[in-house]
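A look at the structure
Spelled out from the first residue to the last, the chains are:
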Amino acid sequence: MNLIFLGPPGSGKGTQAAKLEKDLNIPKLSTGDMLRKAIFDKTPLGNQAKSIIDSGALVPDEIMINMITERISYPDCQQGFILDGFPRTIIQAEALDQTLTNLGKKIDLVLELKVDDNAIIERTSGRFSCAKCNHSYNKKYRNTKLPGICDECGSDKFIYREDDDPKAVANRLKAYHSLTEKLLPYYKNQGKLFTINGMEDIDEVSNKINLIIKTKSNLLT
Ligand code: AMP
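Residues numbered from 1 in each chain as written. Predicted model: local features only at pLDDT ≥ 70, side-chain atom pairs only at ≥ 80, totals over all residues. Heavy atoms only, no water.

**Things to note about the environment of Leu6**
Rule in force here: Under the DSSP-based scheme used, a helix requires at least four consecutive residues in state H or I and a strand at least two consecutive residues in state E, with every element numbered from the N terminus. Residue contacts are counted whenever heavy atoms from the two residues lie within 4.5 Å of one another.
Following the sequence through the fold, Leu6 ends up in strand 1 (residues 2-6). Contact partners of Leu6, with chain neighbours within four places excluded, come to Lys13, Pro87, Val110, Leu111, Glu112, Leu113, Tyr176, Thr180, Leu183, Leu184 and Tyr187.

**Description of the packing of aromatic side chains**
What characterises a pair of aromatic rings is the spacing of the ring centres plus the angle enclosed by the ring planes. We apply this condition: Side-chain rings of Phe, Tyr and Trp, where Trp is taken by its six-membered ring, are said to pair if the distance between their centres is within 6.5 Å; with planes under 30 degrees apart they count as stacked, over 60 as edge-to-face, and otherwise as tilted. In this scheme, a residue with accessible area under 20% of its type's maximum is buried, one over 50% is exposed, and one in between is partly exposed, where area comes from a 1.4 Å probe on protein chains only.
On inspection of all chains with the given rule, the structure shows five aromatic pairs. Seen in terms of ring centroids, Phe128 and Phe158 are 5.4 Å apart; in terms of plane orientation they differ by 80°. Their pairing is edge-to-face. Here Phe158 lies in strand 7 (residues 158-159) and Phe128 lies in strand 5 (residues 127-130), a separation of 30 residues in the sequence. Taking the relative accessible area as the measure of exposure, Phe128 reaches 6% and is therefore buried. Each ring, one from Tyr186 and one from Tyr187, has its centre 5.0 Å from the other, and the planes form 90°; the classification is edge-to-face. Each member of the pair, Tyr186 as well as Tyr187, carries the same accessibility label: buried. Ring pairs connect the aromatic residues Phe128, Tyr137, Phe158 and Tyr160, which therefore count as one cluster.

**Re the packing of helix 2 (residues 31-40) against helix 4 (residues 61-71)**
What counts here: An axis is simply a line fitted to the C-alpha atoms; with a helix, the fit covers only the stretch in contact. Between two such axes, the angle follows the N-to-C directions and lies from 0 to 180 degrees. When an angle is under 35 degrees it counts as roughly parallel; over 145 it counts as roughly antiparallel; between 65 and 115 it counts as roughly perpendicular; any other value is oblique. Three classes are used: nonpolar for Ala, Val, Leu, Ile, Met, Phe, Trp, Tyr, Cys and Pro, charged for Asp, Glu, Lys and Arg, and polar for all others, with Gly counted as polar.
Interhelical geometry of helix 2 versus helix 4 gives an angle of 105° and a closest axis separation of 11 Å. As judged from the angle between their axes, helix 2 and helix 4 are roughly perpendicular. In this structure, helix 2 contributes Thr31, Met34 and Leu35 to the contact, and helix 4 contributes Met64, Met67, Ile68 and Arg71. Considering only residue class, the contact of helix 2 with helix 4 consists of five nonpolar, one polar and one charged.

**Observations concerning the site of the ligand**
Cut-off, in case you're wondering: It suffices for a single heavy atom of a residue to lie within 4 Å of a molecule or strand for the residue to be listed as near it. Whenever a nitrogen or oxygen atom comes within 3.5 Å of another N or O atom, the pair is scored as a polar contact, on the condition that within protein one atom can donate a hydrogen and the other can accept it, and that pairs from neighbouring residues in sequence are kept only if both atoms are in side chains.
Residues in close proximity to the ligand total 16 residues, the closest being Thr31, Arg36, Ala57, Gly85 and Arg88. Here Ala57 contributes a backbone N or O atom positioned 2.6 Å from an oxygen atom of the ligand. Measuring from a nitrogen atom of the ligand, one finds a side-chain N or O atom of Arg88 at 2.9 Å. If you tally residues by element for the shell around the ligand, the top one is helix 2, at four residues. Among the residues forming the shell around the ligand, the class breakdown is seven nonpolar, four polar and five charged.

**Some words on the pairing of strand 1**
What counts here: The criterion for strand pairing is that DSSP finds at least two bridges linking the strands in question.
When you tally the buried positions in strand 1, you get five out of five residues, the bulk of the element. Bridge count for strand 1 against strand 4 (residues 109-114) is four bridges, and the pairing is parallel. Paired with Leu6 across the bridge in strand 4 is Glu112.

Here it is, written out as structure tokens:
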């Protein structure tokens, strides 16, 4: 099963995609994570993308299309994949459809997490993640159980994203509303779009997603 998560920054795409990755045993492909790794590794792409990402703007389509086209051709995507953060523009969505058609594949399901802008601003302001295993937390809603220790892997190193600062979040929301939201009618017309209220708590959202997937397939029995 090939899935896409759509939603504004901080809507819970990454968290829900990580849960599904475990449940369905197919990889989560996060273009944001790939770009952050390229920045960390100081690759030419990372150096080029850093200032764009920090400002909250979008990285050029061509770069992102090449990145994801290569990734979905890896053997671990054979049984399916979960896209988190791609596509973000119509050009990316059309390129993805074309690539998948060439591979004899298709997108099966697009899950939109709907969250108010005000909630996004509040959520992103408290967000941080484990530097080792990438597990995500929030100072206000979902802190570590033991102060300063990751619940999942025990690491004491955490990352606060530069693009979670309020000015960058405002730009990211602008990019979402002006460009990425155009994907909703695109996938609705293909009969693939399901919208979930992302304002509910993580487990509730997860249950709804599992229900949608269950009705689409027998993967989650
Ligand atoms: P994310 O972690 O998905 O919120 O992505 C962080 C940042 O990476 C975004 O604000 C963009 O600057 C960049 N980015 C990630 N995915 C894409 C994409 N598909 N197209 C353009 N820029 C992207």
